[in-house]
Amino acid sequence: MKSAISNDKFATGVIEKELRYLNLMAEKFPTIQDASTEIINLEAILNLPKGTEHFVTDIHGEYDTFNHVLRNASGVVRRKIDDVFGRSIRESEKRKLATLIYYPEEKIEYILREENDIDEWFAVTLQRLIEVARAAAEKYTRSKVRKAMPADFAYIIDELLNESGGKKQEYFNGIIQTIIDIKRARHFIIAISKFIQRLLIDRLHIIGDIFDRGPDPDKVMEALIDHHSVDIQWGNHDIIWMGAAAGIEAHIATVVRIQARYENLDVLEDAYGISLLPLATFAMETYSNDECLRFIPKSAHEEDYGSKRVNLLKKMHKAISIIELKLEGQIIQRNPDFDMNDRLLLDKIDFKKGIVLIGGKKYDLLDTNFPTVDPSNPFKLTDDELEVMDKLRFSFLKSEKLQRHIKFLFAKGNMYQTYNSNLLFHGCIPMSDNGDFETIKIGNKQFSGKAMCDVFDKMARRAYFNRELNGSVQIDRDYMWYLWQGPQSPLFGKKKMATFERYFIQDSETHLEERNAYYMHRDKVEYVDKILMEFNLDTSHSHIVNGHVPVKVKKGELPVKANGKLFVIDGGMSRPYQKVTGIAGYTLIYNSYSLVIVAHDPFESRSKAISDERDIVSSRSMIEHAINRIRVGDTDVGIVLKQQIRELKMLLAAYRKGLIKERR
């Protein structure tokens, strides 16, 4: 729609399509006064400070840590308390108040057992919480703040936030005393604590890998579904769960294998209701005399190796791993364009000699028992394996909770996201050694850079939403698998996945997975700028935010690359990575003043956080500080609001020229 039309031109040149649209707008703004009021309101919003964005990546099922980071807003809650109270209250009181805001339901129980005068504590605490809430709400419109309020206490909170001090102090105190007198203080504390948490994270960005390794990805997903404003950039570990929910058998096998490897099969059985009994029965029968030593779960302790639990797990682990290798081989064989024949290894085994040929070199196998592999047709599943996969596929497709979570990933997620001049993606934009974007051939077309990400996004959606149409979308399903470990996958970012080698070959050189050249180029400004331009972003003030590759802080590696234009924020929220990183995750915070990287120390436990007030210790590093405070008008939301203002002004012109009648 034309945005700058003079009154005369508008009166004579308005086209029928525009007039129909303006008539629709008139239903919402039926008078000149209504339209004028909305213009004034939107213009005012443009001048407010932008909301605070939080960026988190590579959660890997670590719900307790992630949940605490959300509750303490990556340390922002405690900073607000410091800003509000300074030295006017003791450090111990600040810790107690912060913990109360994080875990109000549980912390109240501890405090009330200690307090002699409960009503006095309620009176003091309610006033302090109101002060913190007021500080958290100060940069938002009253309308936005009201929408964030819990319904049961919205009116009371609104009054308390705006009626403190001066002649209304008695009114303020009267409200608080009434809350205490009618025994609603406990409920009010819970409500306003959650209100504070919500205000301090205006927008949450998840840069991929919600699933795998950790024990509670389902709880992470529920927290994200409940969050008021979130977007997700898919990670490579997310895509296998998305593919499994689409019924792609290779992805189903991969999901089960990884859960067995990290001893998290309860996630499948208890959280998602997926029956593993057929696999367990098959594994115990097929590998009854096999020690399966290469398949002992990573988390198992040596003293447990002989237990029935570990014995079952390792057999299930081996059984599904062999099935996975077969299914992946079938995909590679029917897709020569994938150029992944080097990953076909079951057919390179000399079963009599117990060796495998890789890259022209022979290697001894650490495990030579392959009872289900037919040397003449090594990638064919046996009848029993086919039955196991049929039952697993049925369970994955029929898991209501899993399907609900995956639909949310598609609704809120993408291969990448551009938001407020930041480009967010999990892995990489595949590049060659000379810095050009790598191309991939899909059908008769070549794709690279942004176009590659876009086509993969569409194919993944088609694969999932046509999951009941067996065979008709096979190419989409295969490319969705390619996103997991294809050499030009933006989510994977490596030239091979050495699954077979890590299980079966001692030589650690075969375990190496060479990274895409992107990871070499991302340190240099010129290549980061090239990527930003590819995604139509202004290189003068835009950034890239990445996850996927843990930052080895212990070895001196920094999360900030290319002179502050690229941030890698995988700091090891996943516990297995913390030995490498030395920390327990990063949060990138983008508020109206600055970009800040927050490094988190390991989170001990929820119970310790509540009882002993042990917070995650976080260190902050300022990356950029704005000379002028960033306003809503400078953001993507501002662009939308400015367009709405232009359209409202056109509606005003239409009213005043008589082209549209006022509705009342």
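Here's the deal with the overall build of the protein
Working step 1: Helices and strands together make up the secondary structure of the protein, namely 28 helices and 17 strands.
Working step 2: Dimensions of the protein, computed from the C-alpha atoms along their principal axes, are close to 90 × 75 × 45 Å.
Working step 3: Counting over 664 residues, the protein shows a buried share of 56%.
Working step 4: When contacts within the protein are restricted to residue pairs at least 6 apart in sequence, long-range pairs at least 24 apart make up 73% of them.
Working step 5: Surface summary for the protein: the accessible area is close to 29600 Å², and the carbon and sulfur share equals 48%.
Working step 6: Seen as two clouds, the 96 positive and the 97 negative side-chain charges of the protein have centres 3 Å apart.

Let's talk about the environment of Ser-489
Working step 1: Along the chain, Ser-489 falls in the loop between helix 22 (474-485) and helix 23 (499-504).
Working step 2: Taking the relative accessible area as the measure of exposure, Ser-489 reaches 1% and is therefore buried.
Working step 3: Distance in space between the C-alpha atoms of Ser-489 and Cys-453 is 8.9 Å, their sequence separation being 36 residues.

A look at the pairing of strand 8 (residues 416-419)
The two faces of the sheet receive side chains in turn, since in a regular strand these alternate between them.
Working step 1: The pairing of strand 8 with strand 9 (residues 422-425) spans four bridges and is antiparallel. Bridge pairing links Tyr-419 to Asn-422 in strand 9.
Working step 2: Hairpin connection between strand 8 and strand 9: a loop of two residues separates the two successive antiparallel strands, and Asn-420 in this loop has a positive phi of roughly 50°.

A few points about the pattern of salt bridges
Working step 1: Taken as a whole, this structure holds 47 salt bridges when the rule is applied.
Working step 2: Ionic pairing is found between Arg-90 and Glu-93, a salt bridge with its closest N-O pair at 3.6 Å.
Working step 3: A relative accessible area of 57% means that Arg-90 is categorised as exposed.
Working step 4: Given a relative accessible area of 23%, Glu-93 falls into the partly exposed group.
Working step 5: Put simply, Arg-78, Asp-82, Glu-91 and Lys-94 are held in one network by salt bridges that share partners.

A closer look at the side chain of Ser-321
Working step 1: With respect to the secondary-structure elements, Ser-321 resides in helix 18 (residues 308-334).
Working step 2: For Ser-321, the side chain forms a polar contact with the main-chain oxygen of His-317, separated by 2.7 Å.
Working step 3: Those residues in contact with Ser-321, other than ones at most four positions away along the chain, are Arg-257, Phe-295 and Tyr-503.

Regarding the confidence of the model for the protein
Working step 1: Looking at the protein as a whole, the pLDDT averages 92, with 96% of positions reaching at least 70.
Working step 2: In the model, residues 1-7 has pLDDT below 50 throughout and makes twelve contacts with residues more than four positions away in sequence or in other chains.

Brief notes about the pairing of strand 3 (residues 230-233)
Working step 1: Both faces of strand 3 are covered, namely the face carrying Val-230 and Ile-232 and the face carrying Asp-231 and Gln-233.
Working step 2: When strand 2 (residues 203-206) meets strand 3, the two strands line up parallel, connected through three bridges. By the bridge assignment for strand 3, His-205 is matched with Asp-231.
Working step 3: The parallel pair strand 2 and strand 3, bridged by helix 13 (residues 217-226), forms a crossover whose chirality is right-handed.
Working step 4: Relative to strand 7 (residues 413-414), strand 3 runs parallel, the two being bridged by two bridges. In the strand pairing of strand 7, Ile-232 is matched with Gly-413.

Let's talk about the sheet that holds strand 5 (residues 355-358)
Working step 1: The sheet built from three strands is open, its strands ordered 4-5-6 with antiparallel pairing. Looking along the sheet, the strands with just one partner apiece sit at the ends: strand 4 (349-350) and strand 6 (361-364).
Working step 2: For strand 4 and strand 5, the ladder comprises two bridges, and the chain directions are antiparallel. Bridge assignment links Asp-350 to a residue of strand 5, and that residue is Ile-355.

Reading the values: rules and limits
Residues numbered from 1 in each chain as written. Predicted model: local features only at pLDDT ≥ 70, side-chain atom pairs only at ≥ 80, totals over all residues. Heavy atoms only, no water. Helix = DSSP H or I, 4+ residues; strand = E, 2+ residues; numbered from the N terminus. Buried < 20%, exposed > 50% of the residue type's maximum accessible area, 1.4 Å probe, protein only. Contact = heavy atoms within 4.5 Å. Areas by Shrake-Rupley, 256 points an atom, 1.4 Å probe, with all protein chains shown as cover. Lys, Arg positive; Asp, Glu negative; His and termini not counted. Charge placed at Lys NZ, Arg CZ, Asp CG, Glu CD. Pairing = 2+ DSSP bridges. Salt bridge = Lys/Arg side-chain N within 4 Å of Asp/Glu carboxyl O. Polar contact = N/O pair within 3.5 Å; in protein donor to acceptor, adjacent residues only side chain to side chain. pLDDT = per-residue confidence, 0-100. Right-handed = clockwise from strand over helix to strand, strands pointing away.

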